[in-house]
Amino acid sequence: MRKPRSTLITTAGVAFAAVMGLMLPLTGPFAGRAEAAPTGIRVSDGRVVEANGNDFVMRGVNHAHAWYPDRTGSIADIAAKGANTVRVVLSSGDRWTRTTASEVSALVGQCKANKVICVLEVHDTTGYGEDGAATTLDRAADYWISVQDALRGQEDYVVVNIGNEPFGNNNHGEWTNATKNAIGKLRDAGFSHALMVDAPNWGQDWSGTMRDNAASVFASDPDRNTVFSVHMYGVYDTATEVRDYLNHFVGNGLPVVVGEFGDRHSDGNPDEDAIMATAQSLGIGYLGWSWSGNGGGVEYLDMVNSFDANSLTAWGDRIFNGRDGIAATSKTATVYGGGGGPGTGTGTGTAPNGYPYCVDGGSSDPDGDGWGWENSRSCVVPGGPADG
């Protein structure tokens with residue numbers, strides 16, 4: 001199994017180590033307590049749904065709030081581009097300046113005001129075991145408990161991503177128990193939110209640790225409300241690798257999202273077309289890295305130049321406006337009154353006019369009228385003229 005470098009660097013006056021790593025495996029049925037009561041965002045039958053049972057398919061990007069706390073307009077700018085979710089970088093104070101409870105409350109308020117779901121994550125765990133500055137998932141859980149008052153009653157709007165890329169390439173076998181323990185600690189503290197857990201190997205799970213142990217981790221959550229997040233960079237440079245990994249989760253009834261990915265990277269060239277197309281065909285979420293502020297040689301991962309929403313980079317244009325992109329496939333959460341219309345189709349399920357959505361999007365629609373033909377019947381292209 002190859003082992004790419006882990007080098008995503010972000011800056012806030014100084015270059016900060018941020019993201020990366022390496023690849024890939026789960027299992028089936030779960031015994032034990034039934035799913036949690038329908039409160040807020042939750043997992044049902046392997047899908048991420050809202051309290052009303054409607055699928056919620058994340059379409060969004062990451063924003064480095066912890067390093068750029070003055071960029072208070074970024075969430076609104078991201079929402080204006082069509083995203084339905086923003087993954088927000090926080091700090092527990094173990095590595096960077098602590099994100100306070102009042103900041104957390106303000107961030108949630110910004111997400112709600114702009115009708116996006118907040119995925120809040122502690123970044124200080126990045127690369128634990130390999131990066132000596134990183135902290136543990138247990139410490140991240142302590143942080144969440146310390147800001148719990150800011151999150152009470154926000155289950156409809158917030159997903160708690162316990163810790164970013166919580167293990168590097170060393171001791172990644174410890175991921176399973178550490179993740180179970182962190183989930184248990186938060187549930188014991190009274191958190192009923194959907195929880196998100198990142199893969200080891202700098203998020204890329206090249207070792208298959210998350211894939212192989214996801215079923216037992218999911219079963220360990222008394223609320224059965226944990227979502228798995230893989231980060232796709234150089235490890236996922238072919239469509240086969242992307243499809244095999246994501247299909248393994250879906251096929252085993254386990255909820256998965258692509259919590260980070262880019263269109264290129266120093267550890268290899270990720271296949272962003274396959275990542276977006278596969279997520280679209282499976283009806284699962286993706287969150288691109290990142291809005292703006294990358295440095296240390298990976299500035300190409302910025303979606304806009306210098307936090308200017310009117311200055312899209314090539315990567316930004318691709319993820320927002322390209323095929324299977326955010327503008328065409330994002331659907332606003334129903335808690336905000338979303339529920340269909342142009343630009344909001346998910347590519348799975350049924351369009352407002354009663355016809356199924358086309359899985360292959362625009363490839364099924366050569367004349368551009370918004371109608372396609374798949375499985376021997378008409379289908380509606382998500383976000384096209386017929387999707388309304």
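Up top you'll find the structure we're talking about.
K.L.:
Go over the pattern of salt bridges with me, naming the residues and quoting the values.
P.N.:
This structure, assessed with the given rule, holds 14 salt bridges. Between Asp198 and Arg87 there is a salt bridge whose closest N-O contact spans 3.1 Å. With a gap of 111 residues between them, Asp198 in strand 9 (residues 194-198) and Arg87 in strand 6 (residues 85-90) connect regions that are remote in the sequence. The buried category is assigned to Asp198, whose relative accessible area is 1%. Note that Asp273 and Arg318 form a salt bridge whose closest N and O atoms lie 2.8 Å from each other. Taken together, the residues span a long stretch of sequence, with Asp273 in helix 7 (residues 272-282) and Arg318 in helix 8 (residues 314-321) at a distance of 45 residues. By relative accessible area, Asp273 is classed as partly exposed at 42%.

K.L.:
Any chance you could break down the packing of aromatic side chains for me, citing the residues and the numbers?
P.N.:
As enumerated under the stated definition, the model contains 11 aromatic pairs in all. Between Tyr245 and Phe249, the aromatic rings sit 5.2 Å apart at their centres with planes inclined by 40°, giving tilted as the arrangement. Linking Tyr245 with Phe249, this pair stays in helix 6 (residues 239-251), spanning four residues, or about one helical turn. Here a set of aromatic residues connected by ring pairs shows up, and it is made of Phe228, Tyr236, Tyr245 and Phe249.

K.L.:
Residues and numbers for unusual backbone geometry, please.
P.N.:
Ser290 follows Trp289 through a cis peptide bond whose omega is -15°. Note that Ser290 resides in the loop between strand 12 (286-288) and helix 8. One non-glycine residue, Asp205, lies in positive phi territory at about 55°. Summarising the element assignment, Asp205 is placed in the loop between strand 9 and helix 5 (209-220). Given the relative accessible area of 0%, Asp205 is considered buried. With a phi close to 65°, Phe307 is a non-glycine residue in the positive phi region. Within the secondary structure, Phe307 is located in the loop between strand 12 and helix 8.

K.L.:
An account of the layout of surface pockets is needed here, citing residue identities and associated values.
P.N.:
In this structure, the largest pocket spans a volume of roughly 160 Å³. Going through the elements one at a time, strand 4 (47-49) and strand 11 (256-261) are the ones with two or more residues in the lining of the largest pocket. Counted by class, the lining of the largest pocket contains 10 nonpolar, four polar and three charged residues.

K.L.:
Residues and numbers for the pairing of strand 9, please.
P.N.:
In the case of a regular strand, side chains alternate between the two sheet surfaces. Of all five residues that make up strand 9, five are buried, and the element is covered over most of its length. Where burial is concerned, the two faces of strand 9 agree: the one with Ala194, Met196 and Asp198 and the one with Leu195 and Val197 are both buried. Pairing between strand 8 (residues 158-161) and strand 9: three bridges, direction parallel. Paired with Val159 across the strands is Ala194, a residue of strand 9. Handedness of the crossover joining strand 8 and strand 9 through helix 4 (residues 175-188) is recorded here as right-handed. Pairing analysis gives four bridges linking strand 9 to strand 10 (residues 226-232), with the strands arranged parallel.

K.L.:
Lay out empty space enclosed by the protein with the relevant residues and their values.
P.N.:
Its boundaries defined by the atoms lining it, the largest cavity holds a volume of some 70 Å³. Contributing to the lining of the largest cavity are 11 residues, with Asp55, Phe56, Val57, Lys331 and Thr332 lying nearest its centre. Per-class residue counts for the lining of the largest cavity are three nonpolar, five polar and three charged. The calculated volume of the second largest cavity comes to roughly 30 Å³. Forming the boundary of the second largest cavity are Leu137, Ile162, Gly163, Pro166, Trp175, Thr179, Val197 and Asp198. Sorting the residues of the lining of the second largest cavity by element identifies helix 4 and strand 9 as the ones contributing at least two each.

What counts, and where the lines are drawn
- Residues numbered from 1 in each chain as written.
- Predicted model: local features only at pLDDT ≥ 70, side-chain atom pairs only at ≥ 80, totals over all residues.
- Heavy atoms only, no water.
- Salt bridge = Lys/Arg side-chain N within 4 Å of Asp/Glu carboxyl O.
- Helix = DSSP H or I, 4+ residues; strand = E, 2+ residues; numbered from the N terminus.
- Buried < 20%, exposed > 50% of the residue type's maximum accessible area, 1.4 Å probe, protein only.
- Phe/Tyr/Trp six-rings, centres within 6.5 Å; stacked < 30°, edge-to-face > 60°.
- 1 Å grid on protein atoms, 1.4 Å probe; cavity = no way out; pocket = protein on both sides within 12 Å on 5 of 7 lines; lining within 4 Å.
- Points joined across faces, edges and corners; volume = space filled by probe spheres on them.
- Nonpolar A, V, L, I, M, F, W, Y, C, P; charged D, E, K, R; others polar.
- Pairing = 2+ DSSP bridges.
- Right-handed = clockwise from strand over helix to strand, strands pointing away.

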